[in-house]
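Fold and geometry: a report
Now for the letters of each chain:
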Amino acid sequence: MRIILLGAPGAGKGTVAELLIEKYGIPQISTGDMLRSAVKAGTDLGKQAADFMNRGELVPDALIMGLIENRLQEPDARGGFILDGFPRTIEQADQLAAILTKLGMGLDLVVNLEVPEDVIIRRLTSRRTCSNPNCQAIYNIYTKPSQRDGVCDKCGSPTVQRDDETEAVIKKRLSTYQEKTAPLIGYYERNPAYCSVPSLVAGEVIDAIVQRLNR
Ligand code: AMP
C-alpha cells in the first residue's frame, strides 16, 4: 500500500498516518520529522535546513530529494509507505514520479485532507511534540493532552512547542503552503488514486480512506 497524504500544515497528516500505520503496518515517511531529527543531531543536512524551517519556508528540493530516494529503498518500505509532508512542490512531485517509475512502484492513494484555516491555526498553536527525536509523539493541550503536563506518555521525555509553531511562523507556513503546495491538488486531481476528504475527525478520515481503498 503506497499512500501520499496531502494537506496544509496542521491538517492532521501525522495523526491520520499514525492510524494508517496501525491498520496497514506500513511505515510513515515524514520529511518534516526526518529534517527535525537532522537538526537535533546537528548533521550537515540539519544545519542547512534549520533556517528555512524556522522561517516557515520550504527546504530546497535538492536537500529533500536525496533523503527521500534513499528512504524509499529501505527494507521496511518494500511493502508500502505513507508519505507525510512530501511532496511539497510540483517539482518534488515530478521527481517522485521519476523515482517511483525507476523503482517499479505505483501509488494506491493520494488523499487530500481538507481543513479550514482557522481550525488549523488553533490546532497548531495548541500542539505539543515529544522532544525525543526517536519518539516525536504529538499531543494537543485541548484535545489530546499527555497524562502528565509537559511529559510524553510514550517515552517520558519533555513535550515542547516546536520553534515553527508560533503564530507568526504558522501564518508564513500557511502562505508557503498556498503558494507552493496547494497546486499539487490540481496536479494529482486527475490521477485515479486521488481523493479529497474533510479532516475534522481523524477516525472519519480513516473510514473514508479504507472505503476508498476497498472500492
Ligand atoms: P512539517 O512537519 O511536514 O510541516 O515540516 C516542517 C518544516 O520542514 C516545513 O515547514 C519545511 O520547512 C520543512 N519541510 C518538510 N517537508 C518538506 C519538503 N517535502 N520540502 C521542503 N521542505 C520541507
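Everything below is about the structure shown above.
Residues numbered from 1 in each chain as written. Predicted model: local features only at pLDDT ≥ 70, side-chain atom pairs only at ≥ 80, totals over all residues. Heavy atoms only, no water.

1. Quick look at the site of the ligand
How we decide: Whether a residue is near a molecule or strand depends on its heavy atoms: if one lies within 4 Å, it is near. Polar contact is the term for a pair of N or O atoms within 3.5 Å; when the atoms are in protein, one must be able to donate a hydrogen and the other to accept it, and sequence-neighboring residues count only if both atoms are side-chain atoms. The Shrake-Rupley method, run with a 1.4 Å probe sphere, supplies the accessible areas, and residue values consider only the shown protein chains as cover. The nonpolar class holds Ala, Val, Leu, Ile, Met, Phe, Trp, Tyr, Cys and Pro. Asp, Glu, Lys and Arg form the charged class, and all remaining residues, Gly among them, are polar.
Surrounding the ligand, one finds 16 residues, the nearest of these being Thr31, Arg36, Glu57, Gln92 and Arg173. In the environment of the ligand, a nitrogen atom lies 3.0 Å from a nitrogen or oxygen atom belonging to the backbone of Val59. Taking Arg88, its side chain carries an N or O atom lying 3.1 Å from an oxygen atom of the ligand. Coverage of the ligand by the protein chains reaches 96% of its 480 Å² of free accessible surface. Across the shell around the ligand, the residue classes tally to six nonpolar, four polar and six charged.

2. Comments concerning the pattern of salt bridges
Inclusion rule: Put simply, a salt bridge is a Lys or Arg side-chain nitrogen that is within 4 Å of an Asp or Glu carboxyl oxygen. Remark: exposure states derive from per-residue accessible area (1.4 Å probe, protein chains only) relative to the maximum for the residue type, with buried under 20%, exposed over 50%, and partly exposed in between.
Following the criterion strictly, the structure yields ten salt bridges and no others. The salt bridge involving Glu74 is made with Arg71; its shortest N-O contact spans 3.2 Å. The partly exposed category is assigned to Glu74, whose relative accessible area is 37%. Among the ionic pairs, Arg173 bridges to Asp164, the shortest N-O distance being 3.8 Å. Note on Asp164: relative accessible area 9%, which makes it buried. Salt bridges sharing partners connect three or more residues here, namely Arg127, Arg162, Asp164, Glu165 and Arg173.

3. A word on the packing of aromatic side chains
Worth spelling out the cut-off: Pairing of aromatic side chains here covers Phe, Tyr and the six-membered ring of Trp, requires ring centres within 6.5 Å, and sorts the geometry by plane angle: under 30 degrees stacked, over 60 edge-to-face, intermediate tilted. Whether a charge lies above a ring is judged from NZ of Lys or CZ of Arg, which has to be within 6 Å of the ring centre and within 35 degrees of the ring normal.
Tallied over the full model, the rule gives one aromatic pair. Taken together, a centroid distance of 4.9 Å and an interplanar angle of 80 degrees make the contact between Tyr187 and Tyr188 edge-to-face. Between Lys144 and the ring centre of Tyr139, over which it is positioned, the NZ or CZ distance is 5.9 Å.

4. Brief notes about the pairing of strand β3 (residues 81–84)
Note the cut-off: Secondary structure elements are defined from DSSP: runs of H or I of at least 4 residues count as helices, runs of E of at least 2 residues count as strands, and each element is numbered from the N terminus. Following DSSP output, two strands are said to pair if at least two bridges run between them.
Across the two faces of β3 the burial is the same, with Phe81 and Leu83 and Ile82 and Asp84 all buried. Sheet analysis places strand β1 (residues 2–6) next to β3, joined by four bridges and oriented parallel. Paired with Ile4 across the bridge in β3 is Leu83. With three bridges connecting them, strand β2 (residues 28–30) and β3 associate as parallel partners. Bridged to Gln28 within β3 is Ile82.

5. Digging into the sheet that holds strand β7 (residues 159–160)
Here three strands make up an open sheet; going across it, the order is β6-β5-β7 and the pairing antiparallel. Strands with a single pairing partner mark the edges of an open sheet, and in this sheet they are β6 (138–140) and β7. In this sheet, β6 lies alongside strand β5 (residues 127–130) in antiparallel orientation, the contact comprising three bridges. By the bridge assignment for β6, Arg128 is matched with Tyr139.

6. What about the environment of Lys144?
This is how the line gets drawn: Note on definitions: a residue-residue contact is assigned when non-hydrogen atoms from the two residues lie within 4.5 Å.
The residue Lys144 is located in the loop between β6 and β7 in this model. The class for Lys144 is partly exposed, based on a relative accessible area of 40%. With 18 residues separating them along the chain, Lys144 and Ser126 place their C-alpha atoms 9.9 Å apart. Not counting residues up to four positions away in its chain, the partners in contact with Lys144 are Glu18, Ile138 and Tyr139. For Lys144, the side chain forms a polar contact with the main-chain oxygen of Ile138, separated by 3.2 Å.

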